Amino acid sequence: MKKILFLAAISIAFLATGCNNKCKCNCNCSGCECNKDASAAALDFEVVDKAQVELADFAVDNDGYITLFDGKTLKGWRGYGMDEPPTSWDVEDGAIHLKGSGTGEAQVEGGGDLIFAHKFRNFDFEFEYKISEGGNSGVFYLAQEVMNKGEYLPIWQSASEFQVLDNDGHEDAKLGVDGNRQAASLYDMIPAKPQNAKKAGEWNQGKITVFKGTVIHAQNGENVLEYHLWTPKWKEMLQNSKFNETGDFPIAYKLLLNMGGDKREGYVGFQDHGDDVWYRNVRIKIRD
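So, here is what we can say about the structure in this document.

About the cut-offs
- As a convention, each chain's residues are numbered from 1 in the sequence order in which they are written.
- This being a predicted model, a pLDDT of at least 70 is required before a residue's local features are given, and a value of 80 or more before pairs of side-chain atoms are given or counted; all residues contribute to the totals for chains, interfaces and linings.
- Working from all heavy atoms in the structure, the side-chain values ignore hydrogens and water.
- Each helix is a run of H or I in the DSSP string that is no shorter than four residues. Each strand is a run of E no shorter than two, and both are numbered from the N terminus.
- Each residue is assigned to one of three classes by its accessible area relative to the maximum for its type, calculated with a 1.4 Å probe on protein chains only: buried under 20%, partly exposed between the two thresholds, exposed over 50%.
- Here, two residues are considered to be in contact whenever any of their heavy atoms come within 4.5 Å of each other.
- Buriedness for pockets is judged along seven lines, at least five of which must meet protein on both sides within 12 Å for an open set on the 1 Å grid over protein atoms alone, while cavities are sets there where a 1.4 Å probe fits but cannot get out, and lining residues have an atom within 4 Å of a point.
- Grid points are joined across faces, edges and corners, and a volume is the space filled by probe spheres set on the points.
- Any residue that is not Ala, Val, Leu, Ile, Met, Phe, Trp, Tyr, Cys, Pro, Asp, Glu, Lys or Arg is counted as polar, Gly included; the first ten are nonpolar and the last four charged.
- Here, any two strands with at least 2 DSSP bridges between them count as paired.
- Note on definitions: angles span 0 to 180 degrees between N-to-C directions of axes, and those axes are lines fitted to C-alpha atoms, for helices only across the stretch in contact.
- What qualifies as a polar contact is a pair of N or O atoms within 3.5 Å, subject to a donor-acceptor requirement within protein and to the restriction that residues adjacent in sequence count only when both atoms come from side chains.
- By convention, a stacked pair of Phe, Tyr or Trp rings (six-membered ring in the case of Trp) has centres within 6.5 Å and planes under 30 degrees apart, an edge-to-face pair has planes over 60 apart, and any other such pair is tilted.
- Throughout this description, the term charge over a ring refers to an Arg CZ or Lys NZ atom that lies within 6 Å of the ring centre and within 35 degrees of the ring normal.

1. Overview of the overall build of the protein
Part 1 of the argument: Helix and strand counts for the protein come out as four helices and 16 strands.
Part 2 of the argument: Buried residues in the protein amount to 46% of all 288 residues.
Part 3 of the argument: Long-range contacts, defined here as pairs at least 24 residues apart, represent 67% of the contacts in the protein between residues at least 6 apart.

2. What to know about the layout of surface pockets
Part 1 of the argument: When its volume is computed, the largest pocket comes out at roughly 560 Å³.
Part 2 of the argument: Lining the largest pocket are 32 residues, with Glu105, Trp156, Glu161, Gln271 and His273 positioned closest to its centre.
Part 3 of the argument: Those elements that provide at least two residues to the lining of the largest pocket are β8 (136–143), β11 (160–165) and α3 (232–239).
Part 4 of the argument: Here the element with the most residues in the lining of the largest pocket is β11; it accounts for three residues.
Part 5 of the argument: Partitioned by chemical class, the residues of the lining of the largest pocket number 18 nonpolar, eight polar and six charged.
Part 6 of the argument: Lining the second largest pocket we find 15 residues, and of these Val47, Gln144, Gly260, Gly261 and Asp262 sit closest to its centre.

3. Here we look at the sheet that holds β11
Part 1 of the argument: Strand order in this open sheet of five strands is β3-β6-β15-β8-β11, and the pairing throughout is antiparallel. Looking along the sheet, the strands with just one partner apiece sit at the ends: β3 (77–79) and β11. When the angles between neighbouring strand axes are averaged without regard to direction, this sheet yields 25°.

4. Structural notes on the side chain of His217
Part 1 of the argument: Inspection of the secondary structure assignment puts His217 in strand β13 (residues 214–219).
Part 2 of the argument: Here Tyr141 takes part through its side chain, which lies 2.7 Å from a polar atom of the side chain of His217.

5. Quick notes on the packing of aromatic side chains
Part 1 of the argument: Inspection of the entire model under this criterion finds 14 aromatic pairs.
Part 2 of the argument: Note on Phe127 and Tyr279: the rings are 6.4 Å apart at their centroids and 70° apart in plane angle, and the pair reads as edge-to-face. Residue Phe127 is found in strand β7 (residues 123–131), and its partner Tyr279 is found in strand β16 (residues 277–286); the two are separated by 152 residues along the sequence.
Part 3 of the argument: The class of Phe127 is buried, set by a relative accessible area of 2%.
Part 4 of the argument: An aromatic cluster is built from Phe58, Trp77, Phe116, Phe120, Phe123, Phe125, Phe127, Phe162, Phe270 and Tyr279, whose rings are joined through pairwise contacts.
Part 5 of the argument: Seen from the ring of Trp156, Lys242 lies directly overhead, with NZ or CZ sitting 5.4 Å from the centre.
Part 6 of the argument: Cation over ring: Arg264 sits above Trp230, and NZ or CZ is 4.2 Å from the ring centre.

Below, the structure written as structure tokens:
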């Protein structure tokens, strides 16, 4: 009798919660069908493939690098999720320049991230950057254009970021772990060591190498970090970051876990973080 009463009590408690595997109750029960529906909806995304520019239209220098920026125009560049460059970007004194909003992450009207309209697979990507006092920006690579529920997700949900920062003047330099938000770091994941960034207003050299999943960041002539995509270690890194599978950015986790998609390729681009930043001598060598 005690056993029957015990089982009945369990059944009543179960029904009271509204939890069963066929319900549509929006409860938080493990295994509930409505949870599965919500989870599936959250991960319902689409990678958008836009037309790409022809690399044959761009000059090749004596080192075999394709010149992505001619120092005069934004030929070949457009906004992330756009067909033209955002109005926040222009060319100033031979450099690509972001006209900052002066309010940090709040972009000016018509702002947005800037990408070169061709996807790359294995490459050496070189650039010089100069950040304003208290400024923040970043260089993305292997990025995809991704839509969720009719809107573009932020570019950082599909791409790694080479951090660009005024280490002395921006609070982000003090956040994260072990300096992993300082200049040239893999943002919020691996710190750049040695940390050799120059002061705000001075030009720095940056280089990103991607070859068969091996990624190297270099700054001012020194390799400062290395990691390996699509490996168990990469998965572990993601799970220990803000991009983890059960965190606030489940689509980012899925995209970054397979960064570059099945073709292992993506865009390079510069971040509009609301602060003035300049890029010049932008070039790439394909290593396929």
